[in-house]
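Observations on the three-dimensional arrangement
What follows is the residue order along each chain.
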Amino acid sequence: MVVDMVSLVVVAVLWGTLFQLPHAAAFKPLTSEGSLTHREITETAILRKTAEVCQDIANAKGRDFTLPISNKLTVASVQVACTKSFAALSSLSFKLSIAKIYLSNAAVDLVFLLSDAPHVDNEAFSEARDLIIQGVAAVKASMKQENYNSARVRLGALFHTLQDFYSHSNWVELGFTTPLRNMTRSDLPLNNIAGPKTPTCRSCYGENCSGNILPEILQQKILTSGYFNLFSSSKTAAQCSTSHTSRQPAASVPPSPPSHTHPLREAHVPDSEPYPGDLEKCKCSHGTSADRTSRHEPTGGINKDTISSEHGFLHHSAANLAISATMEVLEEIRLAAGNTAFLRLMGLNQTSVLAFVIDTTESMSDDIEEAKRVSFSIIDSRKGTSEEPSEYILVPFNDPDFGPLIRTGNADIFKERISSLLASGGGDTPEMCLSGLLLALAGAPPSSDIFVFTDAAAKDSALKSIIEAMIESTRSTVTFMLTNSISFRRRRGISERQNTSSRAMSQPKIQLYRDLAHVSGGQAIEVTKATLPQATKVITDTSTSALVTILQVVRNPAKAENFSFVLDETLSNVTVYVTGDSPVFTLNSPTGMSQSGSEGNGPLGSIQTVGNLWRLQLISGNQTGKWRISINSTNSYTLKVFGQSSVDFLFTFVEYDGSRGDFIPKDSRPFTGGNATLFLSLMGGDSATVTDVLLVNASGSGAVNGTITAVAGTEYLVTFNRIPEGAFLVQLKGLLNDLSSSTRFQRQSPTQQRGSRITIVVSLMTEKNVSQRAGSVTECFRAWSPFPFQLYSGY
């Protein structure tokens, strides 16, 4: 099953690489100056509905809810208001969830670029409604199974179709000011749709298309949408009549709109005067330069995607209706799932996830007991608090078995399952460690922290590249607790007899675990079974909410080096990890104080050493400013500085689509050596300014600085003139501004990224050829629910 899933991922990436065609126009996916995009429409609707849910919860508890609900809400303002009435914590998970939804919305333009129904083109109303209704049902089913990530992907896709209805049809031109509920309900008929031979438009009057919908279509309230085709100017297989308009039955005609001046009355050519386009009457075109049908009589189009579109004078009316319709679907989902599940879908009440992958072979009995102890401690100490994990995941493995994946929000069930683990077998090492990890990565929510307990090498090391791709895609952090490392045994003087244990891991074997930990931003901690309880403090450190990475470096091969990082006033519980073979390091504060790695308790903090890990917990207090740490080691080492803060960032690679004049999510890795663009969103920093965004070499000191363009609020486009060789990390620097001063801050993505050296070019010779290819690959996408884009957060 894993192989099948991976194969579909490969098909998805290849499809995006092979067929880079112009996209069917719609509301712009991400950016559009002066116009509302799919992103803004989706985010506005989610923020408004989420605020309404939190307001209802507050009212039910007798608490005040003072946030005014409007189209001007921000993630931070809603998160703060909801925290007062519900157990919401960091705005990061909230923003991540919203971004997952609007990016899957934008991805519809890429995945289904040649399909009519997802864009409500070519009068495909019935098919579009089916997509919306099926999508809502899939969202509800996924939520019932607690698969919220899948629910977000499906929600974004159906939102695209729902929102495009108001931009691509003539619903707004008919004068209606409320959404058409018939598009979301199967029990309401879709009548009064233009027949296949019914002319609906005449040519535009020069550049003015405000009067191109036929008057009789408007008078009879007949519903139509624009025809769109990248390759042919044909709008329909049937020949339109040019002398009269076919009458349609008037059954189930929506009620007339309130009495007011009709938008089309503002056309420069009065209805009483001859209209130059009356000579040719046929189906309306969508419009835009990519639409070949708009060049054929009747020319022009009726889309309202932007303020500069053919019917751009109605853009804001269409966008506001799309917001209202999106909110109605959200309300339906909320009523079906309940307030708690709805807020969880939005990422508001999801805190941390506790995820264990445990080797259950006979020698692991002590490790299993320690995993049990630390998980019970976390559960019991945080129960009923804002830090209580929202989800628990357990995956056992040995050889030849792994799994099943146990995923629950019930702490008592998790306790019961981990208590039932039995250590047995395992005489023929190595074990199926990576298979168990892959199962956990596939089943855990994005950005999870996963802890792997084992004392054996991986039998399934061939899965390494797949694991790396999954880590890059899910942004999850993996930490290995290794209790049988030969390198560590030799360092600590363990007896030669113990050293030759059949399960002991050699340097090449353990390097596999180190590599995967480094890619994810986690640790490979090498300890004895006796000292494992001291090392599990790492689990407590990282199984908390609102974690951000400040600095992370890997040096292999090792070299003496000085590093600097900036701490800001929003940070708390700042911790420094150094791993390696006896590294020598000294930490210096902004005030000039210093502490060496050999000082257990010093002026800057307390240091705990266990195995190959040095853990430095900084003393709380005035920590703001520029810190420095110097490290010298003869062997490879890692450094990670992290803490808790409301200020963080997320990003995704995007690419420019010239035919649409906008950016869309990139479906594959950026090309090494080529230019690239990031869409970046800053959370918790409404008054912050981003000054630098860099692609930092993961194992060296080189970096590529980007050019920053503000999009809206705290969202930015960042362009780079090249992608670095090898693995790299995204680093952000900026200023936190208040009324009297500005202070510097920095954040870094923990998950390593890589460019690609593969470019595939395919010539598309004919429309028939493209259609055949699109049809076959589209079926693959329907079988595989996630869209081919990647989203990265700062932790």
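Definitions and cut-offs
Residues numbered from 1 in each chain as written. Predicted model: local features only at pLDDT ≥ 70, side-chain atom pairs only at ≥ 80, totals over all residues. Heavy atoms only, no water. Helix = DSSP H or I, 4+ residues; strand = E, 2+ residues; numbered from the N terminus. Buried < 20%, exposed > 50% of the residue type's maximum accessible area, 1.4 Å probe, protein only. Contact = heavy atoms within 4.5 Å. Arc of directions from axis to C-beta. Polar contact = N/O pair within 3.5 Å; in protein donor to acceptor, adjacent residues only side chain to side chain. Phe/Tyr/Trp six-rings, centres within 6.5 Å; stacked < 30°, edge-to-face > 60°. Lys NZ or Arg CZ within 6 Å of the ring centre and 35° of its normal. pLDDT = per-residue confidence, 0-100. Pairing = 2+ DSSP bridges. Axes fitted to C-alpha atoms, helices over the stretch in contact; angles between N-to-C directions. Parallel < 35°, antiparallel > 145°, perpendicular 65-115°, else oblique. Left-handed = near helix turned anticlockwise from the far one by under 90°. Nonpolar A, V, L, I, M, F, W, Y, C, P; charged D, E, K, R; others polar. Right-handed = clockwise from strand over helix to strand, strands pointing away. Core = buried A, V, L, I, M, F, W, Y, C linked by side-chain atoms within 4.5 Å. Salt bridge = Lys/Arg side-chain N within 4 Å of Asp/Glu carboxyl O. Disulfide = S-S within 2.5 Å.

Moving on, we come to the overall build of the protein chain. Each helix and strand in the protein chain was counted, giving 19 helices and 28 strands. Each of the 795 residues in the protein chain was classed as buried or not, and the buried ones make up 58%. Contacts in the protein chain between residues far apart in sequence, at least 24 positions, make up 77% of those at least 6 positions apart.

Below, the discussion takes up helix 11 (residues 411-419). Helical geometry: 3.6 residues make up each α-helical turn, so side chains three or four residues apart lie on a common side. Taken as a whole, helix 11 has its buried residues at Ala411, Phe414, Lys415 and Ile418. For helix 11, the arc enclosing every buried residue in end-on projection is 100 degrees, short of the 170-degree limit, so these residues lie on one face. Where helix 11 is buried, its residues meet strand 3 (353-359), helix 10 (365-382), strand 4 (391-397) and strand 5 (406-408). The opening residue of helix 11 is Asn410, an N-cap whose side-chain oxygen sits 2.9 Å from the backbone nitrogen of Asp412.

On to the packing of aromatic side chains, then. Counted by the stated rule, this structure contains 15 aromatic pairs. Relative to Phe679, the ring of Tyr102 lies with its centre 6.5 Å away and its plane at 85 degrees, an arrangement referred to as edge-to-face. Taken as a pair, Tyr102 in helix 4 (residues 91-111) and Phe679 in strand 20 (residues 676-683) lie far apart in primary sequence, 577 residues in all. When sorted by exposure, Tyr102 lands in the same class as Phe679, which is buried. Between the aromatic rings of Tyr577 and Phe642, the centroid separation amounts to 5.0 Å while the plane-to-plane angle is 70 degrees, which identifies the pairing as edge-to-face. Remark: Phe642 occurs in strand 17 (residues 637-644) and Tyr577 occurs in strand 11 (residues 572-580); sequence separation between them is 65 residues. The same class applies to Tyr577 as to Phe642, namely buried. What links up through ring pairs into an aromatic cluster is the set Phe125, Phe165, Tyr166, Trp171 and Phe176. Here the guanidinium or amino end of Lys415 rests over the ring plane of Phe376, the centre of that ring lying 5.1 Å away.

A few words on the confidence of the model for the protein chain. Mean pLDDT over the protein chain: 82, with 80% of residues reaching 70 or higher. With pLDDT under 50 throughout, residues 242-274 is counted as low confidence; its partners more than four residues away or in other chains account for 54 contacts. Within the model, pLDDT remains below 50 along residues 761-795, and this stretch shows 96 contacts once partners closer than five positions in the same chain are excluded.

What follows concerns the sheet that holds strand 9 (residues 547-555). Spatial ordering of the open sheet is given by 9-17-11-15-14, a layout of 5 strands whose pairing is antiparallel. Unpaired on one side and paired on the other, strand 9 and strand 14 (605-610) mark the two borders of the sheet. When strand polarity is set aside, the average angle formed by the axes of neighbouring strands in this sheet is 15 degrees.

The relative placement of two packed helices is expressed as an angle between their axes plus a distance between the axes. Between helix 2 (residues 38-60) and helix 8 (residues 315-337), the shortest axis-to-axis distance is 9 Å and the interhelical angle comes to 45 degrees. The pairing of helix 2 with helix 8 is recorded here as oblique in orientation. Relative to helix 8, the crossing made by helix 2 is right-handed. Across the interface between the two elements, Ile41, Thr44, Ala45, Ile46, Arg48, Lys49, Glu52, Val53 and Asp56 from helix 2 touch Ala319, Ala322, Ile323, Thr326, Met327, Leu330, Glu331 and Arg334 from helix 8. The class makeup of the residues in the contact of helix 2 with helix 8 is 9 nonpolar, 2 polar and 6 charged.

A few words on unusual backbone geometry. With omega at 5 degrees, the peptide bond leading from Gly403 into Pro404 counts as cis. Within the secondary structure layout, Pro404 lies in the loop between strand 4 and strand 5. Cis geometry is adopted by the peptide bond preceding Pro557, which originates at Asn556 and carries an omega value of 5 degrees. Even without a glycine there, the phi angle at Asn122 is positive, about 55 degrees. Along the polypeptide, Asn122 turns up in the loop between helix 4 and helix 5 (125-144).

Moving on to the sheet that holds strand 7 (residues 477-482). Note: strands within a sheet are paired through backbone hydrogen bonds, in either parallel or antiparallel orientation. Read from one edge of the open sheet, 6 strands run 5-4-3-6-7-8, paired in mixed fashion. Among the strands making up the open sheet, the edge pair consists of strand 5 and strand 8 (524-526). Along the sheet, successive strands turn relative to each other by an average axial angle of 15 degrees, direction set aside. Bridge analysis of strand 7 against strand 8 gives 3 bridges, and the strand direction is parallel. Counted as the bridge partner of Met481 is Ile525 from strand 8. Its contacts with the sheet put helix 16 (residues 507-520) on strand 6 (449-454), strand 7 and strand 8, and the angle it makes with strand 7 is roughly 150 degrees.

Turning to the pairing of strand 6, a few remarks are in order. Counting buried positions over the 6 residues of strand 6 gives 6, a clear majority of the element. Burial of strand 6 is two-sided: the residues Asp449, Phe451 and Phe453 facing one way and the residues Ile450, Val452 and Thr454 facing the other way are all buried. Judged from the 5 bridges that link them, strand 3 and strand 6 form a sheet pairing that is parallel. Paired with Val357 across the strands is Val452, a residue of strand 6. In this fold, the crossover linking strand 6 to strand 7 by way of helix 13 (residues 464-474) has right-handed handedness.

Mapping Leu682 onto the fold places it in strand 20. Of the residues examined, Leu682 reaches a relative accessible area of 3% and is grouped as buried. Sequence separation between Leu682 and Phe651 is 31 residues, and the spatial gap between their C-alpha atoms is 8.8 Å. When sequence neighbours within four positions are dropped, the list of residues in contact with Leu682 reads Val647, Asp648, Phe649, Ala688, Val690, Thr714, Leu732 and Phe745.

Core analysis: the largest hydrophobic core is formed by 79 residues, its most contacted members being Leu155, Phe165, Tyr166 and Met346. Take this core: its biggest share by element is 10 residues, from helix 8. If we skip the residues at most four places from it in the chain, Tyr166 touches Trp171, Val172, Pro179, Leu180, Lys304, Ala318, Leu321, Ala322 and Ala325. Val353, Ile393, Ala440 and Tyr513 belong to the second largest nonpolar core, which has 32 residues in total.

The final tally for this structure, using the stated rule, is 27 salt bridges. Across the pair Lys49 and Glu331 runs a salt bridge whose closest N-O atoms are separated by 2.9 Å. On the criterion of sequence distance, the pair formed by Lys49 in helix 2 and Glu331 in helix 8 is long-range, its members being 282 residues apart. A relative accessible area of 6% places Lys49 in the buried class. Glu715 is the partner of Lys95 in a salt bridge, and the nearest nitrogen-oxygen pair spans 3.0 Å. Here Lys95 is found in helix 4, whereas its partner Glu715 is found in strand 24 (residues 715-720), with 620 residues between them in sequence.

Further remarks concern the state of the cysteines. On inspection of all chains with the given rule, the structure shows 3 disulfides. Shown here is the disulfide that connects Cys54 with Cys82, its sulfur atoms set 2.0 Å apart. Judged by the sign of its S-S torsion, about 105 degrees, the bond between Cys54 and Cys82 is right-handed. Here Cys54, found in helix 2, pairs with Cys82, found in helix 3 (residues 75-83); they are 28 residues apart in sequence, far enough to count as distant.

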